Amino acid sequence: MSNYGYPNNAYPNQYGQHYVIPTEDRSAAALAHGSTLIALVFSVGSLPFLGPLVMWLLYKDRSPYVRRAAASAFNFNIWLTLANVVAWILVFTIIGSPVAAIIFIVTTIMQVWCHLRGTLKSLQGEDYRYPFQTRILS
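Read on for an overview of the structure.

So, how was this worked out
- Residues numbered from 1 in each chain as written.
- Predicted model: local features only at pLDDT ≥ 70, side-chain atom pairs only at ≥ 80, totals over all residues.
- Heavy atoms only, no water.
- Phe/Tyr/Trp six-rings, centres within 6.5 Å; stacked < 30°, edge-to-face > 60°.
- Helix = DSSP H or I, 4+ residues; strand = E, 2+ residues; numbered from the N terminus.
- Buried < 20%, exposed > 50% of the residue type's maximum accessible area, 1.4 Å probe, protein only.
- Polar contact = N/O pair within 3.5 Å; in protein donor to acceptor, adjacent residues only side chain to side chain.
- Contact = heavy atoms within 4.5 Å.
- Axes fitted to C-alpha atoms, helices over the stretch in contact; angles between N-to-C directions.
- Parallel < 35°, antiparallel > 145°, perpendicular 65-115°, else oblique.
- Nonpolar A, V, L, I, M, F, W, Y, C, P; charged D, E, K, R; others polar.
- Salt bridge = Lys/Arg side-chain N within 4 Å of Asp/Glu carboxyl O.

### Quick word on the packing of aromatic side chains
Moving on, step 1. A complete count under the given rule lists 5 aromatic pairs for this structure.
Moving on, step 2. Pairing Phe76 with Trp79 gives two aromatic rings, centres 6.4 Å apart and planes at 20°, and the pair type is stacked. Here Trp79 and Phe76 lie together in helix H3 (residues 64–91), a separation of 3 residues that amounts to about one turn.
Moving on, step 3. For Phe76, a relative accessible area of 0% gives the class buried.
Moving on, step 4. Take Trp79: its relative accessible area is 26%, and that puts it in the partly exposed class.

### Some details on the side chain of Thr36
Moving on, step 1. Here Thr36 is to be found in helix H1 (residues 23–42).
Moving on, step 2. Here Thr36 falls in the buried class, since its relative accessible area comes to 0%.
Moving on, step 3. Side chain to side chain, Thr36 and Asn77 meet in a polar contact 2.9 Å long.
Moving on, step 4. Excluding anything up to four places from it in sequence, Thr36 contacts Pro48, Pro52, Asn77, Gln111 and His115.

### A short note on the packing of H3 against helix H4 (residues 97–123)
Pairs of packed helices are described in terms of their axes, by the angle between the two and the distance that separates them.
Moving on, step 1. The contact between H3 and H4 brings their axes to 8 Å, and the two run at 170°. Between H3 and H4, the angle is such that the two are roughly antiparallel. Where H3 approaches H4, its residues Tyr65, Ala73, Phe76, Asn77, Trp79, Leu80, Ala83, Asn84, Ala87, Trp88, Leu90 and Val91 are matched on the opposing element by Ser97, Val99, Ala100, Ile103, Phe104, Thr107, Met110, Gln111, Cys114, His115, Lys121 and Ser122.
Moving on, step 2. Of the residues that constitute the contact of H3 with H4, the class distribution is 16 nonpolar, 7 polar and 1 charged.

### What to know about the pattern of salt bridges
Opposite charge on two side chains permits them to pair, given that their charged atoms come into close proximity.
Moving on, step 1. Taken as a whole and judged by the stated rule, the model has 2 salt bridges.
Moving on, step 2. One salt bridge connects Lys121 with Glu126, and the closest N-O pair in it is separated by 3.3 Å.

### Considerations on the environment of Met110
Moving on, step 1. With respect to the element layout, Met110 can be found in helix H4.
Moving on, step 2. Among the residues examined, Met110 registers a relative accessible area of 16% and is labelled buried.
Moving on, step 3. The spacing of Met110 and Pro131 is 21 residues in sequence and 9.2 Å in space, taken between C-alpha atoms.
Moving on, step 4. Once residues lying within four places of it in the same chain are set aside, the contact partners of Met110 are Phe76, Trp79, His115, Pro131 and Phe132.

That's the geometry; what it means functionally is another story.
Here it is, written out as structure tokens:
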């Protein structure tokens, strides 16, 4: 099936109309999205892309659904990490400090909101599309 459809290991329901993602895949995809929130707490926001990268490496050949979820979470986190690097550079300039504060607030809110939505969508067996991504993994 297409990249945007359901994975090859999904099976039709009893009516043959909808596809059901296996529970193991839904849980792994939710962990790929949610691992960023865990990393925010334990790494103080410095390694949010590590959890999705590990999930992508573990599931890239086993489940297309988990691979897509982990890749999109990783790509989104790379974009946010780049935005935070720009903000840290702006912190060291007097004029850029207010802009840096706004960038930090916006990226933190986006990170929490988008990853919570991604986790919940994955538990329901749906794909989640992040608003911004730097395409590195697919």
